[in-house]
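Listed below, chain by chain, are the residues.
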Amino acid sequence: MIGKLIIEVIASALGTIGFSVLFGVPRRFYFNCALIGAIGWLVYKGALLLGAGMSLAVFLAAVFIVLASRFTAVNRQCPATIFLIAGIFPLVPGAQIYWAAYYLVTNQFDSALSSGFTALKVMIAIVLGIVFVFEIPYKVFAIARPRKKAK
Amino acid sequence: MVLTKDAGRIYNVFICCDCLLKGRAWAVENRESVTACPCDEARVLDVAMEAGHILLQNGAEISRVEETMDRICRHYGVESGDFFVLSNGIFTTGGRQKEGSFAHVRHIPVTGARLDKVVAVNQLSREISEGQYDDIETVAEKLRQIDEMPDKKEWKQIVASGMGSGFFCVLAGGGVLDCTAACIAGILLYVYVLFIGKPYLNKIVRNIFGGMLVVLICLGCYRAGVGHNLSHMISGAIMPLVPGVAFTNGIRDIADGDYISGAVRMLDAILVFVSIAIGVGVMFSIYNGLTGGIML
């Protein structure tokens, strides 16, 4: 159980690096991206294990990812987007989209609808996670600002 | 640099070589300090536009584009710059009181995402605010360099795609063989995207074919005995097609109140999602028709 979780977290980190490369994230940020991807998956799986529903788990994971992205962005002095996009990737409901298409083709409309709506719910959870955390004012994150050299 | 004395106050004024050689004089009243030659105002707006163009084209949020353009203008003493940024165009006007008038509309097609360029422009804008560049031409040159930053090598992107697909298959619950198949599918998918999809096909067709290709390769692997859970393989392997940048930026733009741009980007993302699903569905139908039975 724990072993599987560890493997998944590592896979999440490495997979996130893969997508960071595809989106042209500069090499010096790969480690931060991987860390955020891993945190996101850890929170998601942790919430599921504690009995949360899928949407709630995704929402919590999204919140943690955006928080981590914003702190990292302030600390590394770069746009939060680059961490956010890579970090959100493991949560995107690729499997649900696939199942929805599969059921649709095989004429299992009830299942198609249910997969489609699950995908939609997950998307909305991600959206809410992002929107809520971006409402937090910049000041809160300023504590992560790197120390400036005395002039 | 020329000192101008005007009504008992002394101003520091930067004057460009051109103006200096031609002996042009500029009235500088009502300005505490000027860091650019007044004839450069149009040039400043032009450079700000260029920065905005690079940001918007490579996947920055609307608010960032506006803020960066504004920051550049203010720093070089152009107070009258106004910008209206949409997801595929920038409208700029300048000119009030003593500043020369300027108007420019630029269409910016929606293309891929190169976050390294966004990071580079952001860094440049930060350095401008810190006052590291006195000359607008240095900034223009830097922007040109950023715009011409080479893409990552094709093989790197292809390997990254394989890596992403393989590891995301683990997250979907796949075993070692499933992940190997997903990795192969991810690699071949990106070969297709780079050499056929991006140069020749539009977004909808590219993603439909992409979805079909993923299912085809996964079915091939499945029949050949590599991997035993088709759904895990496919949900890992379609990830490189997923429009992460459009989706995330769409949300952020809507959250910022840039509804038009946010809606356009979300539409872009939804279009891609639907295209992928259609591609997956079509390929399954074909397979179903050929084998005439339940496929899993």
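Rules used in this analysis
Residues numbered from 1 in each chain as written. Chains lettered and ligands numbered in written order. Predicted model: local features only at pLDDT ≥ 70, side-chain atom pairs only at ≥ 80, totals over all residues. Helix = DSSP H or I, 4+ residues; strand = E, 2+ residues; numbered from the N terminus. Buried ≥ 20, exposed ≤ 12 C-beta atoms within 10 Å, placed from the backbone. Contact = placed C-beta atoms within 7 Å. Core = buried A, V, L, I, M, F, W, Y, C linked by C-beta atoms within 7 Å. Domains from an automatic or database assignment. Nonpolar A, V, L, I, M, F, W, Y, C, P; charged D, E, K, R; others polar. Expected span 1.5 Å × (residues − 1). Pairing = 2+ DSSP bridges. Axes fitted to C-alpha atoms, helices over the stretch in contact; angles between N-to-C directions.

### Structural notes on the overall build of chain A
Consideration 1: Along the backbone of chain A there are 7 helices and 0 strands.
Consideration 2: In sequence order, the secondary structure elements of chain A are arranged as α-α-α-α-α-α-α.
Consideration 3: When burial is assessed residue by residue, chain A has 52% of its 151 residues classed as buried.
Consideration 4: Across chain A, the fraction of contacts at a sequence separation of at least 24, relative to all contacts at a separation of at least 6, is 66%.

### Details of the overall build of chain B
Consideration 1: Regarding its fold elements, chain B presents 11 helices and 5 strands.
Consideration 2: The 296 residues of chain B split such that 49% are buried.
Consideration 3: Counted over contacts in chain B with a minimum sequence separation of 6, partners at least 24 positions apart contribute 61%.

### Points about the nonpolar core
Consideration 1: Membership of the largest hydrophobic core comes to 140 residues, with the highest contact counts inside it found for Ala62 of chain A together with Ala185 and Cys218 of chain B.
Consideration 2: Both domains that furnish three or more residues to this core are identified here as domain 1 (40–147) and domain 2 (154–291) of chain B.
Consideration 3: With sequence-adjacent residues up to four places away left out, Cys218 of chain B is seen in contact with Ala181, Ala185, Leu230, Met233, Ile234 and Ala237 of chain B.

### What to know about the interface of chain B and chain A
Consideration 1: Tallying the contact residues gives 43 residues for chain B and 40 residues for chain A.
Consideration 2: If you list the elements that add at least two residues to the side of chain B that touches chain A, you get helix H4 (115–129), helix H6 (154–172), helix H9 (230–237), helix H10 (244–256) and helix H11 (259–291) of chain B.
Consideration 3: Per element, the largest residue contribution to the side of chain B that touches chain A is 11 residues, and it comes from H6 of chain B.
Consideration 4: Its residues placed into classes, the side of chain B that touches chain A shows 25 nonpolar, 10 polar and 8 charged.

### Some remarks on helix H3 (residues 54–76) of chain A
Consideration 1: The terminal C-alpha atoms of H3 of chain A, which comprises 23 residues, lie 32 Å apart, in line with the 33 Å expected from a rise of 1.5 Å per residue.
Consideration 2: Within two residues after H3 of chain A, Gln77 of chain A carries a phi angle of roughly 55 degrees, on the positive side.

### A closer look at the pairing of strand E5 (residues 102–107) of chain B
Residue and element names in this part refer to chain B.
Consideration 1: Of all 6 residues in E5, 0 are buried, a share of ten percent or less.
Consideration 2: Note: strand E4 (residues 89–94) against E5, 6 bridges, orientation antiparallel. Bridge assignment links Ile90 to a residue of E5, and that residue is Arg106.

### Let's talk about the pairing of strand E3 (residues 82–86) of chain B
Residue and element names in this part refer to chain B.
Consideration 1: Only one face of E3 is buried: it carries Phe83 and Val85, and the other face, with Asp82, Phe84 and Leu86, is open.
Consideration 2: In the sheet, E3 pairs with E4 via 5 bridges, with the strands oriented antiparallel. Across the sheet, Val85 pairs through a bridge with Ile90, a residue of E4.
Consideration 3: Between E3 and the antiparallel strand that follows it, E4, lie 2 residues.

### Re the domain arrangement of chain B
All names here are of chain B.
Consideration 1: According to the domain assignment, chain B consists of domain 1 (40–147) and domain 2 (154–291).
Consideration 2: Here the C-alpha centre of domain 2 lies 34 Å away from the C-alpha centre of domain 1.
Consideration 3: Taken together, the 8 residues of domain 1 in the interface contact 11 residues of domain 2.
Consideration 4: Here the side of domain 1 that touches domain 2 is composed, by residue class, of 4 nonpolar, 3 polar and 1 charged.

### Comments concerning the sheet that holds E5 of chain B
Residue and element names in this part refer to chain B.
Consideration 1: The strand order across the open sheet formed by 3 strands is E3-E4-E5, and the pairing between neighbours is antiparallel. This sheet does not close on itself; its edge strands, each paired only once, are E3 and E5. This sheet shows a mean twist of 5 degrees between the axes of neighbouring strands, independent of strand direction.
Consideration 2: Most of the contacts of helix H2 (residues 41–57) go to E4, to which it runs at about 165 degrees, and overall it touches E3, E4 and E5.

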